[in-house]
Amino acid sequence: MDQPARDDLLPIGRFARLSGLSIGALRHYDELDLLRPARIDPETGYRSYRWTQLDPARTIARLRELELPLDSIREVLATDDPERRATILATHRARVEARTHRLQRVLHHLAQLTRRKEPTMSTPPGRPEVDDATRRSLAVGLFNHVWSLLETADRTPAQDDELVHAAHASRYHWGEVGDASNLAIGEWQVSRVYATLGRGEPALHHARRCLAIVEGHGLGGWRLASAYEALARASAVAGDRDAATRWKSLAEQALEAVDEADDREIVEQDIATLPV
């Protein structure tokens, strides 16, 4: 392909192909003063760009691929401070992670509804005596509350504490009235909470407890894959990349034996978000 001289102006079509941005997007970014053309022909209105504008254009294309808001992209382009850029990207990552948690919860509830394992209408828990039915209601309600907190992008330190306490409370009530599957899922969620908070040691502890329950009761299937996924995530947070890679591989292998599409999809989403 012929390379233009660096002093040459590139017509918008050529610039679009080289940058990975559409012509419509380039016009839009011109209107937003995000990426101005080097020249606009006063008679035809044709836009032209400099060769040196390709790098910022490609940066915009990459960040838009990652769904970074335009205002944040503007900040990234405007700063030469790598720490500031890292902060902007970390903020966006937290938003995406929160949205991922929300979608995973939606997938879980839709799977339960389609298999008629949950009522279509939920009833908020009241203040009855703590009988088995109430404990079960509390276990489910706290489990869902944990996901709501995980979906909160800008949690306060107090909410982080609440996240930990709610996860443990849910697991406690499951311990009183749940079966082995409930216990394993409870341990899995506690491990996820600690991993999200960057606390590797307790994340590993509860991931190991999850696997011990799964193996001890011969649960297998998606529960085994989830236990391996929890260990992969916890290992990554703890800084043991080799272990994280091994557990991830085991999770993927275990998932191959899962026939139920809904169960497989949920665990696949979890594996896809592993920081490995």
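Preceding this paragraph is the structure being described.
A brief report on the enclosed structure follows. Since we're looking at a predicted model, the values are computed, not measured.

## Description of the overall build of the chain
- A count of helical and extended segments in the chain gives twelve helices and three strands.
- Scaling as 2.2 N^0.38, a compact globule of 276 residues should have a C-alpha radius of gyration of about 19 Å, whereas the chain reaches 25 Å, well beyond that.
- Taken along its principal axes, the extent of the C-alpha atoms in the chain is 80 × 40 × 35 Å.
- Counting contacts in the chain only where the partners sit at least 6 residues apart, residues at least 24 apart contribute 59% of the total.
- Total accessible area on the chain stands at roughly 15800 Å², and carbon and sulfur atoms take up 49% of it.

## Looking at the environment of L10
- Relative to the helices and strands, L10 resides in strand β1 (residues 9-11).
- You can call L10 buried: its relative accessible area is 1%.
- Along the chain, L10 and L113 lie 103 residues apart, while their C-alpha atoms are 55 Å from each other.

## Some points on the packing of helix α10 (residues 221-237) against helix α11 (residues 241-255)
- Between α10 and α11, the shortest axis-to-axis distance is 8 Å and the interhelical angle comes to 165 degrees. It follows that α10 is roughly antiparallel to α11 by the angle criterion. The hand of the α10/α11 crossing is left-handed. Across from L224, A225, Y228, E229, L231, A232, S235 and A236 in α10, the residues of α11 making contact are A243, A244, W247, K248, L250, A251, A254 and L255.
- Taken together, the residues of the contact of α10 with α11 break down into 13 nonpolar, one polar and two charged.

## Let's talk about helix α9 (residues 200-216)
- The end-to-end C-alpha distance of α9 is 24 Å, a good match for the 24 Å that 17 residues give at a rise of 1.5 Å each.
- Those residues of α9 lying buried are G200, P202, A203, L204, H206, A207, C210, L211, I213 and V214.
- Residues of α9 that are buried in the fold lie against α7 (157-177), α8 (180-196), α10 and α11.
- Once α9 ends, the next one or two residues include G218, with phi positive near 60 degrees.

## Side note on the layout of surface pockets
- A volume near 360 Å³ is recorded for the second largest pocket.
- Lining the second largest pocket are 14 residues, and of these R93, E97, T100, R233 and T273 lie nearest its centre.
- Looking at the lining of the second largest pocket, the elements that each hand over two or more residues are α5 (82-114), α8, α10 and α12 (261-272).
- Looking at the lining of the second largest pocket residue by residue, the classes come out as five nonpolar, five polar and four charged.

## Quick look at α12
- Between its terminal C-alpha atoms α12 stretches 16 Å, which fits the 16 Å expected from twelve residues at 1.5 Å a residue.
- On the buried face of α12, the contacting elements are α5, α8, α10 and α11.

## Section: the pairing of strand β3 (residues 47-50)
- As paired elements, β1 and β3 share three bridges and run antiparallel to each other. Bridging from a neighbouring strand, P11 pairs with S48 of β3.
- Following strand β2 (residues 39-40), the chain reverses through six residues before pairing antiparallel with β3; G45 in that reversal takes a positive phi of roughly 80 degrees.

## A short note on unusual backbone geometry
- Within the chain, D33 stands out as a residue other than glycine whose phi angle is a positive 60 degrees.
- Considering the arrangement of structural elements, one finds D33 in the loop between α2 (23-31) and β2.
- The backbone of E67 sits at a positive phi, close to 65 degrees, despite the residue not being glycine.
- Overall, E67 belongs to the partly exposed group, its relative accessible area being 48%.

## Some words on the side chain of R192
- Considering the arrangement of structural elements, one finds R192 in helix α8.
- Here the side chain of R192 touches E229 through a polar contact of 3.3 Å, side chain to side chain.
- Apart from the residues lying within four places of it in its own chain, the contact partners of R192 are H101, Q104, W147, L150, E229, R233 and D270.

Cut-offs applied
Residues numbered from 1 in each chain as written. Predicted model: local features only at pLDDT ≥ 70, side-chain atom pairs only at ≥ 80, totals over all residues. Heavy atoms only, no water. Helix = DSSP H or I, 4+ residues; strand = E, 2+ residues; numbered from the N terminus. Rg over C-alpha atoms; globule rule 2.2 N^0.38 Å. Contact = heavy atoms within 4.5 Å. Areas by Shrake-Rupley, 256 points an atom, 1.4 Å probe, with all protein chains shown as cover. Buried < 20%, exposed > 50% of the residue type's maximum accessible area, 1.4 Å probe, protein only. Axes fitted to C-alpha atoms, helices over the stretch in contact; angles between N-to-C directions. Parallel < 35°, antiparallel > 145°, perpendicular 65-115°, else oblique. Left-handed = near helix turned anticlockwise from the far one by under 90°. Nonpolar A, V, L, I, M, F, W, Y, C, P; charged D, E, K, R; others polar. Expected span 1.5 Å × (residues − 1). 1 Å grid on protein atoms, 1.4 Å probe; cavity = no way out; pocket = protein on both sides within 12 Å on 5 of 7 lines; lining within 4 Å. Points joined across faces, edges and corners; volume = space filled by probe spheres on them. Pairing = 2+ DSSP bridges. Polar contact = N/O pair within 3.5 Å; in protein donor to acceptor, adjacent residues only side chain to side chain.

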